[in-house]
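One-letter residues, chain by chain:
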Amino acid sequence: MTGDDRHGKKKKIAIIGVSAIILVAMVVAVAVGVTKSKGHKEDNTPATSSKAIEAVCQPTDFKDTCKTTLAANAGNVTDPKELIKVAMKIATDKLQEVVDNSQTMHEVVKDPLGDQALQNCKELIQYSINDIKKAFGNMGPFDVSKVKNYVKELENWLSASVSYEQTCLDGFNSVKGDAGDKMKNFLKQSQELTKNGLAMISEISKLMGGAIDIKPQRRLLADGDSSKTSPSWIDGRKLDLATASASSLKPDVVVAQDGSGKYKTVGEALKDIPKESPKTFVIYIKEGEYKEHVVLEKEMKNVMFIGDGPTKTKITGDKNFADGTHPFRTATVVVIGDYFIAKDMGFENSAGAKGHQAMALRVQSDQSIFYNCQMDGYQNTLFTQTYRQFYRDCTISGAVDIIFGDAAVVFQNCKMIIRKPEGDDKATVTAQERSDKRQPTAIVFQNSTISADIEYKDKTAFLGRPAHTYSRTVVMQSQIDDVISPEGWTPWTGQTNTEECWFGEYSNRGSGSATNKRVSWFKMVTRDQADKFSASSLLLGENWIKPSGVPYEAGLMRIAIISVSALILVAMVVAVAVGVTKSHKGGNDEKKPATTSKAIETVCQPTDYKETCQNALSEKAGNVTDPKELVKIGFQIAIEKLQEVINNSDTLKEIAKDNLGNQALQNCRELIEYSIDDLKRSADKIGPFEVTKLKEYVEDLKVWLSASLQYEQTCLDGFDNTPGEAGAKMKNFLKTSQELTKNALAMTTEIGNLFGTSSLKSQRHLLADTPMDPKIIPSWIEGRKLDIATANPISLKPDVIVAKDGSGKYKTVNEALKDIPKDNVLKTFVIYIKEGEYSEQVVLDKHMTNVMFIGDGPTKTKITGNKNYADGVQTFKTATVAVIGDYFIAKDMGFENTAGARGHQAVALRVQSDLSIFYNCQIDGYQDTLYTQTHRQFYRDCIISGTIDFIFGDAAAVFQNCKMIVRKPGPNQSCIVTAQGRLDKREPTGIVLQNCTISGEKGFDAATTMAYLGRPWKMYSRTIVMQSQIDNVINPLGWMEWTGTTNHETSWFGEFSNRGLGAATNQRVKWYKLATPEEAGSFAPGSILLGDKWIMPSGVPYVAGMMRV
């Protein structure tokens, strides 16, 4: 290993080939170090046009369309620049053909709506053509330092193009005859070509996220300059919208109904707007109700409407679908020209519920801003059609799909008012229309309020529904009133869009924000996921929103909701004062719960099992209202309930019918002890604590509570194949304990969210008054560097040597374990195990902490066994080596279970050691080879082999630079690499394969045996394979369901930037996720394991974030 590797520097893995050359050239139009430099010949230039075409088309979903169209038009072209021109010419030509064919289609149109749909299509397709030209006409001089913005622009424009084409087709949904089918057929190839372009851009966006160093060159593909029209306030002039008024802005035109302005109507004023204006053209519209249909065409750029207030200046209309107007044409105001701004304006469609679709405002203006505006309607009030839009301090009212469209749009500090819908219609706030998984679009509510109109009494509304396959909506940091149904979200009638859509919630408040009864397909969003939907991330708002002067929060907001709830929850979970309890200067508490019942109700608010929480605390709490005492009582109840289960397990022996049942009972006693241990150390954390380490503290709590939950479930799993009713009785005994543990995890997660948005004051006012025993932390975490990368038995000066030939202190590993100091904290206890095959079962119990095994090599020093389920041993006890004590390290070791395929479940290594590291180790088996049971684990440069679920468990486990070898299974068996066991949506656990290789053993026949990346063992299973080499051993479907369950509907299986013959995702199961760079980054060891705190100091080779692949 190099010194760079030892010090954790990013490792570069060079896979820069023909595909990268062409794709980078296609998208960035700058040389990035993979094309030829001055004075040198190009490396890897495609030998033939067909090879170049194949490389260009590699990341697309519609490869045949890509290849056939380019092959038919490219001739012998191999130059990336020329291939770009050919590809884009084909796309625009195909779209033009659709426009031309629309004239012929008038003959098959059966009604006026069909005629309108055709006219709309001509307009929409022209927009699509414009955006494709805009996207690929910009390949001229370009500032390399702005490459991220440039790629975002391309994604934005191509996404809009995709949306326009889809909107054209949607227009035929209610049209008679076969005109819609014909248009769909005409558009098929155009849609595929446009989506292919977006796929290429997205691939490069990921590539630019960290895989390639962009060198400061400015060698360009095109020689011309096609500078984008940008309003002057973006480039320097500050509008200061927050304080701007009609007088301070010095309007170019004044509109007034009373004749005091230049014009009496808004439509007249539009004529004065200069084409492609370089200066913001301000139209001041004085108080009044303007009944007109207003359209700002695409040439009307950089225009601002300012009124006298959102209820004083109003543009109103009543066009609607019920009266025969196509929905696309019902909008009272249509804004197409880019950089539009509105302040203090009202927009209305007064058609009412009977009018059905009736828009007040349709926006396809890129980088548009609406500040202190009001949009009123019923169905389809606001059509956020395309591009990037920002709404601040606005009010939007309606009933059905109030806000819909396919823009990247953020609503900050806005109010959504739900009105009573017509008849049996469902009230829905949003209907997002994302039709391709790579579109960077979404509807985002941040710190907004969702409430009901005074006349709406039913209170059965929904936050949204998926209008298209990949709909994406997030409600975060918002006030959700009880107008929202507990299910939260609703499917689109007759569609299965819920399988692919993404509906998330994060850190909301209010009586409608409880998520315990939400639909199974909604997402409980993490802080990192929420952050990517902030205005700065989703919209790149720092470049255009911030300079406008509108009030604007770039990231997650700091929301002051310090109340009784915050007081108790903070006390419960963090045990530090953060400005909501009294300061240590002697001040009084700001608020105290008036009664115990009120205090208990507040404590239990964020939990899924509120009744269990309230009943348990009410029975034991007496008149207690002090948060500290409630904490103690809550943990004590959970521990007592678990102890009751252990006591009852003796009674259960009477009804255990077989050997496996008795083993299951014994395992339960052990597992529940582990669960109690983790609950106790969570409770013991309520003592002296350093405020600056708050994040690590909350993560510790979440990890320990997740482990406690997992132990309880593993106890129950042990009864799966046992006869009699012992399993059912144990499930009943554990019910309350499991609910209490899940409740504790819910509270901890809620506090993690709260502290993600709160300012921490530097106080150390603690709940506990006396010091607790500190957590056992190995000395190398605190300072001593083990330097595992170069460590050897001589440099480590082992405490014990094990050697089969008698040259060490002991001949067996188990003998050496007796020398380990109990709860070892002073020094890493090193056991050197010399070369040899040690046939024994080894268990490092919970008191054997801070231990290191070092061998002579993963194939030279091997601990082996053959216990297995087929021979009557419970899976939990089949492990050749079980590591329970925390801070375990293994280097140059082999672990094996030789039971083979016939043995079924047969574990080689079971790990529940927190903060454990395995470096250059080999773990061999067949089914269930490696059981990553609980806590945090890191594997580097290891080899793991097996057949079925050969890496399984519920730890937060990262495998970096490892090899997974798929072995030949038994007859009629499939092979599955992973089976993750996450039980609760709040657990911070997952299996992560980063820069690993997944391949088959010699002789493995992929043609006859199906292998898969993973399957969902439990309801919230979570696994990601990223930046890895996937060989063709993996089935194109990638992932498989767990037989007899619907776990795949609530699980999360992701892939990011993989390579190899098995990495193509175009045939993957519908429920897998193509992870974004932000999502993938949240699974890197620096994030999911907080590895900089404990992996980096160990000296093991380690990359904290995304690797240079």
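In this text the structure is predicted, and so the values were computed from the model without any measurement. (Residues numbered from 1 in each chain as written. Predicted model: local features only at pLDDT ≥ 70, side-chain atom pairs only at ≥ 80, totals over all residues. Heavy atoms only, no water.)

Draft legend 1. Layout of the overall build of the protein. For the protein, the count of helices and strands is 25 helices and 52 strands. The buried share of the protein, reckoned over its 1109 residues, is 61%. When the accessible surface of the protein is summed, it comes to about 42100 Å², and 47% of that surface belongs to carbon and sulfur atoms. (Helix = DSSP H or I, 4+ residues; strand = E, 2+ residues; numbered from the N terminus. Buried < 20%, exposed > 50% of the residue type's maximum accessible area, 1.4 Å probe, protein only. Areas by Shrake-Rupley, 256 points an atom, 1.4 Å probe, with all protein chains shown as cover.)

Draft legend 2. Representation of the sheet that holds strand E14 (residues 388–392). With parallel pairing, eleven strands are arranged side by side in an open sheet as E1-E2-E5-E8-E11-E14-E17-E20-E23-E25-E26. In the strand order of this sheet, the two ends are held by strand E1 (253–255) and strand E26 (522–524), each with one partner. In this sheet, neighbouring strand axes are inclined to one another by 15° on average, regardless of whether the strands run parallel or antiparallel. Here four bridges tie strand E11 (residues 368–371) to E14, and the two strands are oriented parallel to one another. Looking across to E14, one finds that Tyr 371 is bridged to Arg 392. (Pairing = 2+ DSSP bridges. Axes fitted to C-alpha atoms, helices over the stretch in contact; angles between N-to-C directions.)

Draft legend 3. View of the state of the cysteines. Inspection of the entire model under this criterion finds one disulfide. In this model Cys 57 forms its disulfide with Cys 66; the gap between the sulfur atoms is 2.0 Å. Looking down the S-S bond of the Cys 57 and Cys 66 bridge, the torsion is -80°, so its handedness is left-handed. Under the relative-accessibility criterion, Cys 66 is labelled buried at 5%. (Disulfide = S-S within 2.5 Å.)

Draft legend 4. Examining the environment of Glu 619 more closely. Take Glu 619: it is sitting in helix H16 (residues 610–621). On the accessibility criterion, Glu 619 (66% relative accessible area) is exposed. In this structure the C-alpha to C-alpha distance between Glu 619 and Ile 637, which are 18 residues apart in sequence, comes to 10.0 Å.

Draft legend 5. Structural view of the side chain of Thr 1023. Within the secondary structure, Thr 1023 sits in strand E49 (residues 1022–1026). When its relative accessible area of 0% is taken as the criterion, Thr 1023 is described as buried. When residues no more than four places from it in sequence are discounted, the contact partners of Thr 1023 are Thr 978, Gln 980, Ile 991, Trp 1039, Trp 1052, Phe 1053 and Gly 1054. (Contact = heavy atoms within 4.5 Å.)

Draft legend 6. How the structure looks around the nonpolar core. Ranked by size, the top nonpolar core spans 60 residues in total, and within it Phe 853, Phe 959 and Met 964 carry the most contacts. Contacts of Met 964, omitting those with residues within four sequence positions, involve Ile 944, Phe 950, Ile 951, Phe 959, Val 977, Leu 993, Cys 996, Thr 997, Ile 998 and Ser 999. (Core = buried A, V, L, I, M, F, W, Y, C linked by side-chain atoms within 4.5 Å.)

Draft legend 7. Spotlight on the packing of aromatic side chains. The final tally for this structure, using the stated rule, is 22 aromatic pairs. Ring centres 4.8 Å apart and planes at 5° place the aromatic pair Phe 370 and Tyr 391 in the stacked group. Pair noted here: Phe 370 is in strand E11 and Tyr 391 is in strand E14, with a separation of 21 residues, a long-range link. Judged by relative accessible area, Phe 370 falls into the buried class, the value being 0%. Owing to a relative accessible area of 0%, Tyr 391 belongs among the buried residues under this scheme. Taking the centre distance of 4.6 Å and the plane angle of 20° together, the rings of Tyr 391 and Phe 411 count as stacked. With Tyr 391 in strand E14 and Phe 411 in strand E17 (residues 408–412), the pair connects residues that are 20 residues apart, well separated along the chain. A residue is classified by how much of its surface remains accessible, and Phe 411, at 0% relative accessible area, is buried. Three or more aromatic residues link up through ring pairs in this structure, and these residues are Phe 305, Phe 340, Phe 347, Phe 370, Tyr 391, Phe 411 and Phe 445. The residue whose ring lies beneath Arg 465 is Trp 492, and the NZ or CZ to ring-centre distance is 3.7 Å. The aromatic ring of Trp 1042 is capped on one face by Arg 1015, whose charged end is 3.8 Å from the ring centroid. (Phe/Tyr/Trp six-rings, centres within 6.5 Å; stacked < 30°, edge-to-face > 60°. Lys NZ or Arg CZ within 6 Å of the ring centre and 35° of its normal.)

Draft legend 8. Summary view of the side chain of Thr 828. Relative to the assigned elements, Thr 828 resides in the loop between helix H23 (813–817) and strand E28 (829–833). A polar contact is formed between the side chain of Thr 828 and the side chain of Asn 850, at a distance of 3.1 Å. (Polar contact = N/O pair within 3.5 Å; in protein donor to acceptor, adjacent residues only side chain to side chain.)

Draft legend 9. Region of interest: the sheet that holds strand E10 (residues 361–363). Taken in spatial order, the seven strands of this open sheet run E4-E7-E10-E13-E16-E19-E22, and their pairing is parallel. A strand with exactly one partner marks an edge of an open sheet, and here the two such strands are strand E4 (294–296) and strand E22 (462–466). Strand-to-strand, the axes of this sheet are offset by a mean angle of 15°, without reference to chain direction. In this sheet, E10 lies alongside strand E7 (residues 333–335) in parallel orientation, the contact comprising three bridges. Note on E10: the bridge partner recorded for Val 334 is Arg 362.

Draft legend 10. Representation of the pattern of salt bridges in the model. Per the stated rule, a full pass over the model turns up 27 salt bridges. A salt bridge links Asp 393 to Arg 392; the shortest N-O distance between them is 3.4 Å. Under the relative-accessibility criterion, Arg 392 is labelled buried at 10%. Taking the shortest distance from any N to any O, the salt bridge between Glu 1001 and Arg 967 comes out at 3.7 Å. Placement of the pair is Glu 1001 in the loop between strand E47 (997–1000) and strand E48 (1011–1016) and Arg 967 in the loop between strand E44 (963–966) and strand E45 (975–980), with a sequence separation of 34 residues. (Salt bridge = Lys/Arg side-chain N within 4 Å of Asp/Glu carboxyl O.)

Draft legend 11. Molecular detail of H16. Here H16 contains twelve residues, and its C-alpha end-to-end distance of 16 Å stays within 8% of the 16 Å for a straight helix at 1.5 Å per residue. Within two residues after H16, Gly 622 carries a phi angle of roughly 60°, on the positive side. (Expected span 1.5 Å × (residues − 1).)

Draft legend 12. Layout of the packing of helix H3 (residues 49–57) against helix H4 (residues 63–73). For the pair H3 and H4, interaxial distance at closest approach is 9 Å and the crossing angle is 145°. Seen along the crossing, H3 lies across H4 with a hand that is right-handed. Taken together, the residues of H4 that come into contact with H3 (itself represented by Ile 53, Glu 54, Val 56 and Cys 57) are Lys 63, Cys 66, Lys 67, Leu 70 and Ala 71. When its residues are assigned to classes, the contact of H3 with H4 shows six nonpolar, no polar and three charged. (Left-handed = near helix turned anticlockwise from the far one by under 90°. Nonpolar A, V, L, I, M, F, W, Y, C, P; charged D, E, K, R; others polar.)

Draft legend 13. Summary view of unusual backbone geometry. Even without being glycine, Asp 892 reaches a positive phi, approximately 60°. Following the sequence through the fold, Asp 892 ends up in the loop between strand E34 (889–891) and strand E35 (894–897). Classification of Asp 892 by relative accessible area gives buried; the value is 14%.

Draft legend 14. Structural detail: the environment of Asn 1032. Considering the arrangement of structural elements, one finds Asn 1032 in the loop between strand E50 (1029–1030) and strand E51 (1052–1056). Along the chain, Asn 1032 and Leu 1061 lie 29 residues apart, while their C-alpha atoms are 4.9 Å from each other.

Draft legend 15. The arrangement of the environment of Ile 53 in detail. Relative to the helices and strands, Ile 53 resides in helix H3. You can call Ile 53 buried: its relative accessible area is 5%. Along the sequence, Ile 53 and Val 77 sit 24 residues apart, while their C-alpha atoms lie 9.1 Å from each other.

Draft legend 16. Summary view of the pairing of strand E3 (residues 288–291). Covered by surrounding structure in E3 are Gly 288 and Tyr 290 only, the residues Glu 289 and Lys 291 on the alternate face being uncovered. Of the strand pairs in this sheet, E3 and strand E6 (residues 313–317) are connected by four bridges, and their pairing is parallel. Note on E6: the bridge partner recorded for Lys 291 is Thr 316.

Draft legend 17. Structural detail: the confidence of the model for the protein. Here the protein shows a mean pLDDT of 80. Residues at 70 or above account for 79%. Predicted confidence for residues 210–229 stays below pLDDT 50, and this span has 57 contacts to residues more than four positions away or in other chains. Confidence drops under pLDDT 50 across residues 560–594; counting only partners more than four residues distant or on other chains, this segment forms 74 contacts. (pLDDT = per-residue confidence, 0-100.)

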